[in-house]
There are 2 protein chains.
Amino acid sequence: MSPPGDRPRSRVSRVPDRADYDLATVGEILDAAPVAHVGLMEEGGFPVVIPMLHARAGDQLYLHGSSASRLIRSSGGSEICVTATLVDGLVLARSVFHHSVNYRSAVVFGTPERIEDEAGKLAALEAFTEKLIPGRWADARVPSSQELKGTGVLRMTIDEASAKVRTGGPVDEPEDYELPVWAGTVPLRTVAGETIPDDRLIDGVEEPGYVGEYRDAHS
Amino acid sequence: MSPPGDRPRSRVSRVPDRADYDLATVGEILDAAPVAHVGLMEEGGFPVVIPMLHARAGDQLYLHGSSASRLIRSSGGSEICVTATLVDGLVLARSVFHHSVNYRSAVVFGTPERIEDEAGKLAALEAFTEKLIPGRWADARVPSSQELKGTGVLRMTIDEASAKVRTGGPVDEPEDYELPVWAGTVPLRTVAGETIPDDRLIDGVEEPGYVGEYRDAHS
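Because the structure is predicted, anything quoted here is derived from the model rather than measured.

A. Region of the structure containing the environment of Gly77(B). Residue and element names in this part refer to chain B. Position of Gly77 relative to the elements: it lies in the loop between helix H2 (68-75) and strand E5 (80-92). Take Gly77: there are 8 C-beta atoms within 10 Å of it, and that puts it in the exposed class. Separated by 36 residues in sequence, Gly77 and Glu113 place their C-alpha atoms 7.1 Å apart.

B. Looking closely at the pairing of strand E3 (residues 47-57) of chain B. Residues and elements named next belong to chain B. Taking burial as the measure, the eleven residues of E3 include eight buried ones, the bulk of the element. Relative to E3, strand E2 (residues 36-41) runs antiparallel, the two sharing six bridges. Among the inter-strand pairings, Met41 is bridged to a residue of E3, identified as Pro47. Hairpin connection of E2 to E3: five residues between the antiparallel strands, including Gly44 at a positive phi of 100 degrees. Where E3 lies against strand E4 (residues 60-64), five bridges are found, and the strand directions are antiparallel. The partner of His54 across the bridge, within E4, is Leu63. The turn linking E3 back onto E4 is made up of two residues, and Gly58 within it adopts a positive phi angle of 60 degrees.

C. Examining the pairing of strand E10 (residues 184-192) of chain A more closely. Bridging between strand E5 (residues 80-92) of chain A and E10(A) involves four bridges; their strand directions are antiparallel. Bridge pairing links Val91(A) to Thr185(A) in E10(A). Where E10(A) meets strand E11 (residues 196-197) of chain B, two bridges bridge the pair, whose relative direction is antiparallel. Pairing of Thr185(A) across the sheet is with Ile196(B), part of E11(B). Judged from the five bridges that link them, E10(A) and strand E10 (residues 184-192) of chain B form a sheet pairing that is antiparallel. Paired with Val191(A) across the bridge in E10(B) is Arg189(B).

D. Structural context of the interface of chain A and chain B. Listed as interface residues are 85 residues of chain A and, on the opposing side, 84 residues of chain B. With nine residues, the top contributor of residues to the side of chain A that touches chain B is E10(A).

E. Seen up close, the relation of the copies chain A and chain B. Aligned on chain B, chain A shows an RMSD of 0.0 Å; the corresponding rotation is 180 degrees and the shift along the axis is 0.0 Å. When the rotation and shift are considered jointly, the pair of chain copies conforms to a two-fold rotation axis. Residues of chain A ranked by C-alpha distance from the rotation axis are headed by Thr190(A), positioned 2.2 Å from it. A shared binding surface is used by both copies, with 99% of the interface residues of chain A retained as interface residues in chain B.

F. Representation of the environment of Arg166(A) in the model. Topologically, Arg166(A) is positioned in strand E9 (residues 160-166). In this structure, the C-alpha to C-alpha distance between Arg166(A) and Gly89(A), residues 77 residues apart in sequence, is 9.6 Å.

G. Summary view of helix H3 (residues 118-132) of chain B. Counted at 1.5 Å a residue, the expected span for H3(B) with its 15 residues is 21 Å, and the 21 Å between its end C-alpha atoms agrees. By the burial criterion, the buried members of H3(B) are Lys121(B), Ala124(B), Leu125(B), Ala127(B), Phe128(B), Thr129(B) and Leu132(B). Its buried side turned inward, H3(B) meets E5 of chain A together with E3, E4, helix H4 (145-149) and strand E8 (153-157) of chain B.

H. Here's a closer look at helix H1 (residues 23-32) of chain B. Residue and element names in this part refer to chain B. Among the residues of H1, Leu23, Val26, Gly27, Ile29 and Leu30 are the ones counted as buried. Down the axis, H1 shows its buried residues gathered within 165 degrees of arc, on one side only. On its buried face, H1 is in contact with E2, E3, E5, strand E6 (100-110) and strand E9 (160-166).

I. Examining the environment of Ala124(A) more closely. Residue and element names in this part refer to chain A. Within the secondary structure layout, Ala124 lies in helix H3 (residues 118-132). Residue class for Ala124 comes out buried when judged on the 22 C-beta atoms lying within 10 Å of it. In this structure, the C-alpha to C-alpha distance between Ala124 and Ala57, residues 67 residues apart in sequence, is 9.0 Å. Ala124 has contacts with Tyr62, Ile115, Val153 and Arg155, leaving out every residue within four places of it along the chain.

J. Representation of the confidence of the model for chain A. All names here are of chain A. Confidence in the prediction of chain A, expressed as mean pLDDT, is 88, and 85% of residues score 70 or more. A low-confidence stretch, residues 1-8 stays under pLDDT 50, and its non-local contacts, those more than four residues away or across chains, total 15 contacts. Note that residues 11-16 has pLDDT below 50 and, in this model, ten contacts with residues that lie over four places away or in other chains. Of the two predicted TM-score estimates for the complex, the pTM is 0.90 and the ipTM is 0.90.

Rules used throughout
- Residues numbered from 1 in each chain as written.
- Chains lettered and ligands numbered in written order.
- Predicted model: local features only at pLDDT ≥ 70, side-chain atom pairs only at ≥ 80, totals over all residues.
- Helix = DSSP H or I, 4+ residues; strand = E, 2+ residues; numbered from the N terminus.
- Buried ≥ 20, exposed ≤ 12 C-beta atoms within 10 Å, placed from the backbone.
- Pairing = 2+ DSSP bridges.
- Contact = placed C-beta atoms within 7 Å.
- Least-squares fit on C-alpha atoms with pLDDT ≥ 70 in both.
- Expected span 1.5 Å × (residues − 1).
- Arc of directions from axis to C-beta.
- pLDDT = per-residue confidence, 0-100.

Structure representation (structure tokens):
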């Protein structure tokens, strides 16, 4: 990843104190978000945004999903924009005007290419699977050559990146602090519920430990 | 909203059994998502995806956020794509190939315009505030004329819309049901934590009932 600040389109033009160009921050946000929103240009010149699964290895971003073929068909060799956002809380100010949300978002640009070789696809699928839930790759049946052939996986080098983060409580106008209006933050987080085992598990197959660890980490 | 199915770009080309063109479904997904991802074309012809707050009234979609000015500057009169996605669970199949997530996503197209009149902006801000947390509009200080002037709010008619939903457990290859691999679903949901009251609340101001109701609805 090259520093994003020197190219104008990655500059965060509004509320620049919320901008964070630290590339480690961008990576953390991407890694924490279960899906990314991919913007591409369709033939005819209009933008389309599709949700896709993603995984990252350094400055390489993998994209996967039922829309991979549409993405490849549409963007072939063109730059795309991939954005991931986590909403961390509602920020209730005394005035409507200063209501906000706490969030972390990352915006990256790059030009995706279809991974053609089997080893490359396998590495990408391992990254997706381990991002979904760490520990799973070693447990599930790995893809066959036939399955790999039918999988559309994209890889792009992150050429530009920026992050934007809001944290903390409301900030009101000085005179509004005297209003008898409750103000504060309502934290939001994603939690994992009780697992739903598949109906057709064979006898004696127990829920793996890493599923419990995932639940503990999302409680 | 006009039926989306008769225009090719809103057709869900892959896994069509997951496509749902019911416009009520599209609206429910938009309403449940705290942020939307807005795709627009920047000058120079590349797509940018920015997270924005949104609210809906029938087929009218409001957009709000620090990037509103960028959006207006960039898209002036051009069509944009607004996508909202909710991730409902991890789907762990016996084979890596069939891993998935349960999700609901809505994709809508329209051409935004800046709301110029005070009454229109006020209606939009009420919609945003009540979407953020129902009950808040009647409690917080309403915007002044000065604040309304400084607020960039966009409105667009939803011209096309589609939704895509995956629910249920894993679907494996017939022969994989004999594998001793655990399979099932890990449900995910967004919960609200204990509120963090602002440091400078005046004495005697209690947390409003609707905040507790919101927390109960997100528990």
